[in-house]
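Letter by letter, the chains look like this.
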Amino acid sequence: MKKAVAFTGPSNSGKTTLIEKIAKKLIKNYKIAIIKNDPSDKAKFDIEGKDSYKFFATGAEVVVTSPTRTTYFSHRKKELDEIISMIGDFDLLLVEGLKTLPLPRIGVFRGKADESYFDYIKAAAVDGSVDKSVIPSFIDVLDLNNVDEVIEWIFKNAEEIKEIK
């Protein structure tokens, strides 16, 4: 199984927290991969002064390897198929953001459901602060605080990812 699903929603809606809960629950039995989009390009990847920071600052593509992990720092935008190819072996890919990717997508909302996302999502994960009556009937409504319910939806709806050569 190589499946993918995406999450989208306004800032501070709980996307990262939900993805983290899903990953923690599934990691015991599945190989989980996560891609997070940083649309404002503000993420910091290393600490200034460290070797990997110095190498990355040269503009080079940088790989840092150790006995327990490999980290790849790139200055080049990668398309989804390139990223999937780099990740290699996984069972479930969770993507945060990138709302134009053609993946089954869960909108995450607190306070109110943002209608501008309705054209991109197949499900809405909401808490009790959201008026569910504004969510169109073609969108599945999930309990944001019920990780098992969200996981069940993912396994039914995630898109099969083809092997990329």
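Keep in mind it's a predicted model, so treat the numbers as computed, not measured. (Residues numbered from 1 in each chain as written. Predicted model: local features only at pLDDT ≥ 70, side-chain atom pairs only at ≥ 80, totals over all residues. Heavy atoms only, no water.)

The next thing to look at is the overall build of the protein. In terms of helices and strands, the protein carries four helices and nine strands. Written out in order from the N terminus, the α and β elements of the protein read β-α-β-α-β-β-α-β-β-β-β-α-β. Structurally, the protein occupies a C-alpha span of about 55 × 30 × 25 Å along its principal axes. For the protein, the proportion of its 165 residues judged to be buried stands at 38%. Taking contacts inside the protein between residues at least 6 apart in sequence as the whole, the part at least 24 apart equals 54%. Of the roughly 10300 Å² of accessible surface on the protein, 50% is carried by carbon and sulfur atoms. The distance from the centre of the 26 positive side-chain charges to the centre of the 26 negative ones in the protein is 3 Å. (Helix = DSSP H or I, 4+ residues; strand = E, 2+ residues; numbered from the N terminus. Buried < 20%, exposed > 50% of the residue type's maximum accessible area, 1.4 Å probe, protein only. Contact = heavy atoms within 4.5 Å. Areas by Shrake-Rupley, 256 points an atom, 1.4 Å probe, with all protein chains shown as cover. Lys, Arg positive; Asp, Glu negative; His and termini not counted. Charge placed at Lys NZ, Arg CZ, Asp CG, Glu CD.)

For the rest of this paragraph, the subject is unusual backbone geometry. Not every positive phi belongs to a glycine, and Asn12 is a case in point at roughly 65°. Tracing the chain through its elements places Asn12 in the loop between strand 1 (3–8) and helix 1 (15–26). Residue Asn12 is classed as exposed on the basis of its relative accessible area, which comes to 78%.

With that out of the way, let us pick up the pattern of salt bridges. A full pass over the atoms with the stated rule returns five salt bridges. Two residues, Arg110 and Asp127, come together in a salt bridge whose shortest N-O distance is 3.1 Å. Highlighted residues: Arg110 in the loop between strand 6 (105–109) and strand 7 (123–126) and Asp127 in the loop between strand 7 and strand 8 (140–143), separated in sequence by 17 residues. Note on Asp127: relative accessible area 12%, which makes it buried. (Salt bridge = Lys/Arg side-chain N within 4 Å of Asp/Glu carboxyl O.)

A word on a nonpolar patch on the surface. Together, Val63, Tyr72 and Met86 give the surface a local cluster of nonpolar side chains, amounting to about 280 Å² of exposed area. Looking at where Tyr72 falls in the secondary structure, it is placed in strand 4 (residues 70–73). (Patch = residues over 30% accessible without salt bridge, like charges linked within 9 Å, V, L, I, M, F, W, Y side chains within 5 Å.)

Right, let's get into the nonpolar core. One finds Phe7, Leu18, Ile22, Leu94, Ile106 and Ile154 to be the most contacted residues of the largest nonpolar core, which totals 22 residues. Breaking this core down by element, the ones donating at least two residues are strand 1, helix 1, strand 5 (92–96), strand 6, strand 7 and helix 4 (147–157). Excluding residues that lie within four positions of it along the chain, Phe7 makes contacts with Lys15, Leu18, Ile19, Ile22, Leu94, Val95, Glu96, Gly97, Arg105, Ile106, Val108 and Ile154. Membership of the second largest hydrophobic core comes to 13 residues, among which are Leu80, Ile84, Leu93 and Leu101. (Core = buried A, V, L, I, M, F, W, Y, C linked by side-chain atoms within 4.5 Å.)

Glancing now at the environment of Gly14. Its location among the elements puts Gly14 in the loop between strand 1 and helix 1. In the structure, Gly14 is positioned 130 residues away from Leu144 in sequence and 8.5 Å away in space, judged by C-alpha atoms.

Right, let's get into helix 4. Every buried residue of helix 4 is listed here: Val147, Val150, Ile151, Trp153 and Ile154. Take helix 4 and look down its axis: the buried residues cluster within an arc of 160°, on one side only. Packing partners of the buried residues in helix 4 comprise strand 1, helix 1, strand 5, strand 6, strand 7 and strand 8. (Arc of directions from axis to C-beta.)

Spanning twelve residues, helix 1 covers 17 Å between terminal C-alpha atoms, matching the ideal 16 Å at 1.5 Å per step. By the burial criterion, the buried members of helix 1 are Lys15, Leu18, Ile19, Ile22, Ala23 and Leu26. With its buried residues spanning 130° around the axis, helix 1 presents them on a single face. Buried residues along helix 1 sit in contact with strand 1, strand 2 (32–36), strand 5, strand 6, strand 7 and helix 4. (Expected span 1.5 Å × (residues − 1).)

The values are spatial; any link to function lies outside them.
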